[in-house]
Amino acid sequence: MAAENEKADGKIKSVVLVLSGKGGVGKSTVAAQIALELANAGNKVGVLDVDLCGPSIPRILGLEEKDVHQCSEGWIPVHPDKNENLAVMSIGFLLKSNKDAVVWRGPKKNAMIKQFLSDVVWGNLDYLIIDTPPGTSDEHITVAENIKNFNVTGAVMVTTPQAVALGDVRREITFCKKVGIPVVGIVENMSGYACPNCSECTNIFSKGGGESLANVTNVPFLGYLPLDPKLTMSIEDGKSFTELYSESATASAIRHIVRPLIIS
Amino acid sequence: MADVPTNAPIECPGTQSQQAGKVSACQGCANQKLCSSGVPLPPDPAIEDIKKRLLPVKHKLLILSGKGGVGKSSFTAHLARGLATNEDEDIAILDVDLCGPSIPRIMGVEGHQVFQSMSGWSPVFIEDNLSIMSIGFLLSGPADAVIWRGPKKNGLIKQFLRDVDWGELDYLLVDTPPGTSDEHISIAQYLKGAGIDGAIIITTPQEVALLDVRKEISFCKKVGIPVLGVVENMSGFVCPKCKTESQIFPPTTGGGQQMAKDMDVPFIGRIPLDPRIGQCCDEGRSFFSEIPDSPAAKAYKSIIEEIRKFCSNNTTNDDVPDANV
């Protein structure tokens, strides 16, 4: 049975999935930046990390040592900020050590994801951002089945520019069409690197592939994100990039990506 | 444990155990009803079939990560090409990344088809001594997605291992998707009889990658797969203009080498980030042939030597200890 949108006292106005198909393109990074940007603008934002084997969200948001607790209504997500604008749930919070592996077959992963979608006490949210693992398998099918009763805005597809990545992303777009999830658009991440010494830009992972794919598949192109050492370090350190470097070109690119997600 | 079915969860108590079907690990397992009924489950014949099929394969290596996008497929492809430079040796790649099969593109054989004969499925040959099997060859087009749950994926992996007619091989390299789930558990279980020489673990230097890679090493230890070594990919970038080196993926917690030390596994080398590697992968060309004197090519060659050494010191199929699944 699909999870209900109203959980005890909560209602979620918009669900955004961050997908790729390809691993290591920056899904979790982009999901976190979208969440932080929306939360900094005063919205109530939930982040649900359904990458059970490789949960990156706790590290990226600087929440590695946090635990989740249960109350009579369900699981209480982690609130990193005093205003509780941000609420985060990840299997990462349930593991005792960062060496602990989640070695589960599909059915057990599906059960956990269903629990995450139905038993977390999110409260009222403006946005629920769902970060996913690469692929088109159990996690993706289970999420798609269980958000049918939610207000789904759609999926942000993250890719890197090179052809090897685009192939997987194209398949992920097929998945979205099959399960009826609208594709909000494609983000081309790691698009160019400016040498910190001489500012020469090298297209380490090629360039333009994401935009071409958007044209070929007839979905909007949301923009380029460069390989920005400041963003990479913010991720490593669990700090909020858009707060620390809000005037940077990368922060501006992030805001551009978030714009089509904003609900009136 | 000898009586763990191939579709069982990793903590399966064993079908012959008194707890069979009754413990929390059994929840969701397809065999639960049968196990808890007390009727003993027969052993999966596929394990023995796979052992027979892979008897002519001298060395079986897994390329794992845990983290996506670190260059598993790229490394597998270059390892295969590097090993295949010895024309007296036969090399094959089995691509079990069913949702994101990159190997056909990287090896320049996208769009090729596989055929079946009396002796099984024929892999696609790149060179006389280098062949590949991937689900990529079974898809009808670039937009064709494999939207399968675990059991269906496991079924195809079993078929790949049992039914591909590799012939005699010196090396079978298994390229895997990121994670520690169905594909990984199935490979470990199905190769129980045939044996796995070792796993090469690929990482990039940053902590966000190492987090997942530690879990993959824990998985290997849990199921008894020897870790041949850790390779740190995308390790430093040299600007083509001013030649300054920068760490695009900074090793804030000591990188792959420190992580390997902490996890008590060997560290076998670093490969720098060279944009030409990505271009070659996209275009299905061999980086070794195109740019043989680059630092990256030299790094690859040194790592491949380590792998050869490990394999030549390794025991034969019969002596490989049972994977603990």
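Source: prediction; values computed, not measured. (Residues numbered from 1 in each chain as written. Chains lettered and ligands numbered in written order. Predicted model: local features only at pLDDT ≥ 70, side-chain atom pairs only at ≥ 80, totals over all residues. Heavy atoms only, no water.)

1. Some details on the sheet that holds strand β11 (residues 221–224) of chain A
All names here are of chain A.
- On the basis of which strands lie adjacent, the open sheet formed by seven strands has the order β5-β2-β6-β1-β7-β8-β11 and parallel pairing. Each edge of the open sheet carries a strand with a single partner, namely β5 (86–90) and β11. Strand-to-strand, the axes of this sheet are offset by a mean angle of 20°, without reference to chain direction.
- In the sheet, strand β1 (residues 12–19) pairs with strand β6 (residues 125–131) via six bridges, with the strands oriented parallel. Residue Ile12 lies in a different strand from β6, and its bridge partner there is Leu125. (Pairing = 2+ DSSP bridges. Helix = DSSP H or I, 4+ residues; strand = E, 2+ residues; numbered from the N terminus. Axes fitted to C-alpha atoms, helices over the stretch in contact; angles between N-to-C directions.)

2. With respect to the sheet that holds strand β8 (residues 198–203) of chain B
Residues and elements named next belong to chain B.
- Read from one edge of the open sheet, eight strands run β5-β6-β2-β7-β1-β8-β9-β12, paired in mixed fashion. Where the open sheet ends on each side, the last strands, each with one partner, are β5 (124–127) and β12 (267–270). Averaged over all adjacent pairs, the angle separating strand axes in this sheet is 20°, with direction ignored.
- Strands in contact with helix α7 (residues 207–223) are β1 (57–64), β8 and β9 (227–232); relative to β8, the strand with the most contacts, it is inclined by about 170°. (Contact = heavy atoms within 4.5 Å.)

3. Quick word on the interface of chain B and chain A
- The interface is formed by 65 residues belonging to chain B together with 58 residues belonging to chain A.
- Both sides together, the interface formed by chain B and chain A hides about 4900 Å², and carbon and sulfur atoms give 59% of it.
- Remark: the boundary between chain B and chain A carries four salt bridges.
- Where chain B meets chain A, there are 29 residue pairs in polar contact (both at pLDDT 80 or more).
- If you list the elements that add at least two residues to the side of chain B that touches chain A, you get α4 (103–106), α5 (150–163), α6 (182–190), α7 and α9 (275–283) of chain B. (Buried area = accessible area lost by both parts, 1.4 Å probe. Salt bridge = Lys/Arg side-chain N within 4 Å of Asp/Glu carboxyl O. Polar contact = N/O pair within 3.5 Å; in protein donor to acceptor, adjacent residues only side chain to side chain.)

4. Considering the packing of aromatic side chains
Residues and elements named next belong to chain B.
- A full pass over the atoms with the stated rule returns seven aromatic pairs over all chains.
- Judged by centre distance (5.7 Å) and plane angle (75°), the rings of Trp121 and Phe160 are edge-to-face. Of the two residues, Trp121 sits in strand β4 (residues 120–122) while Phe160 sits in helix α5, which places them 39 residues apart along the sequence. A single burial state applies to Trp121 and to Phe160, both of which are buried.
- A ring pair is formed by Phe288 and Tyr300, whose centres lie 5.6 Å apart and whose planes are at 90°; its orientation type is edge-to-face. (Phe/Tyr/Trp six-rings, centres within 6.5 Å; stacked < 30°, edge-to-face > 60°. Buried < 20%, exposed > 50% of the residue type's maximum accessible area, 1.4 Å probe, protein only.)

5. Topic: the confidence of the model for chain B
Residues and elements named next belong to chain B.
- Overall, the prediction assigns chain B a mean pLDDT of 91, with 95% of residues at 70 or greater.
- Taken together, the stretch residues 317–325 has pLDDT below 50 and engages in 25 contacts with residues farther than four places along the chain or on a different chain.
- Our summary of model confidence lists the complex with pTM equal to 0.91 and ipTM equal to 0.91. (pLDDT = per-residue confidence, 0-100.)

6. Comments concerning the nonpolar core
- Counting 91 residues, the largest nonpolar core has Phe75(B), Ile200(B) and Ile307(B) as the members making the most contacts within it.
- With residues near it in sequence (within four places) discarded, Ile307(B) still touches Leu61(B), Phe75(B), Leu79(B), Ile200(B), Leu228(B) and Ile268(B).
- Counting residues in each nonpolar core, the second largest holds 80 residues, with Val25(A), Ile34(A), Leu38(A) and Ile57(A) among its members. (Core = buried A, V, L, I, M, F, W, Y, C linked by side-chain atoms within 4.5 Å.)

7. Side note on the pairing of strand β2 (residues 45–49) of chain A
All names here are of chain A.
- Counted residue by residue, β2 has five buried out of five residues, so it is predominantly covered.
- Here β2 shows no split at all, with Val45, Val47 and Asp49 on one side and Gly46 and Leu48 on the other all buried.
- Across five bridges, the pairing between β2 and β5 is parallel. By the bridge assignment for β5, Asp49 is matched with Ser90.

8. Considering the packing of α6(B) against α7(B)
Residues and elements named next belong to chain B.
- Where α6 meets α7, the closest approach of the two axes is 11 Å, and the angle between their N-to-C directions is 30°. If you check the angle between α6 and α7, you find them roughly parallel. Crossing angle aside, the handedness with which α6 passes α7 is right-handed. Every residue of α7 that contacts α6 at His184, Ile185 and Ala188 is listed here: Glu216, Phe219 and Val223. (Parallel < 35°, antiparallel > 145°, perpendicular 65-115°, else oblique. Left-handed = near helix turned anticlockwise from the far one by under 90°.)

9. What about the packing of helix α4 (residues 138–146) of chain A against helix α5 (residues 163–179) of chain A?
All names here are of chain A.
- Between α4 and α5, whose axes approach to 11 Å, the crossing angle comes to 30°. The angle between α4 and α5 places the two elements in the roughly parallel class. Here the hand of the crossing between α4 and α5 comes out right-handed. Residues His140, Ile141 and Ala144 of α4 lie in contact with α5, whose contacting residues are Glu172, Phe175 and Val179.
- The class makeup of the residues in the contact of α4 with α5 is four nonpolar, one polar and one charged. (Nonpolar A, V, L, I, M, F, W, Y, C, P; charged D, E, K, R; others polar.)

10. Describing unusual backbone geometry
- For Asn218(A), which is not glycine, the phi torsion reads 60° and is therefore positive.
- For Asn218(A), the location among the structural elements is in the loop between α6 (209–217) and β11.
- Under the relative-accessibility criterion, Asn218(A) is labelled exposed at 70%.
- Here the phi dihedral of Lys243(B) falls at roughly 65°; this positive angle occurs in a residue that is not glycine.
- Inspection of the secondary structure assignment puts Lys243(B) in the loop between β10 (237–238) and β11 (245–246).

11. As for the pattern of salt bridges
- Evaluation of the coordinates by the stated rule reveals 22 salt bridges over all chains.
- We note a salt bridge from Asp138(A) to Arg149(B), for which the minimum N-O separation is 3.4 Å. Remark: Arg149(B) occurs in the loop between β6 (130–134) and α5 and Asp138(A) occurs in helix α4; the pair is interchain, linking two chains.
- With relative accessibility at 2%, the residue Asp138(A) sits in the buried group.
- Notably, a salt bridge pairs Glu305(B) with Arg308(B), separated by 3.8 Å at the nearest N-O pair. You can see Glu305(B) and its partner Arg308(B) sitting in helix α11 (residues 295–313), three residues apart, about one turn around the helix.
- Residue classification places Glu305(B) among the partly exposed positions, given a relative accessible area of 42%.
- Since its relative accessible area comes to 18%, Arg308(B) is described here as buried.

12. Digging into the state of the cysteines
All names here are of chain B.
- One pass over the full model with this rule turns up zero disulfides over all chains.
- Unpaired in terms of disulfides, Cys281 finds its nearest cysteine sulfur in Cys280, a separation of 7.1 Å.
- Not part of a disulfide, Cys311 finds its nearest cysteine sulfur in Cys220, a span of 15 Å.
- Cys311 sits in the buried class, given a relative accessible area of 1%. (Disulfide = S-S within 2.5 Å.)

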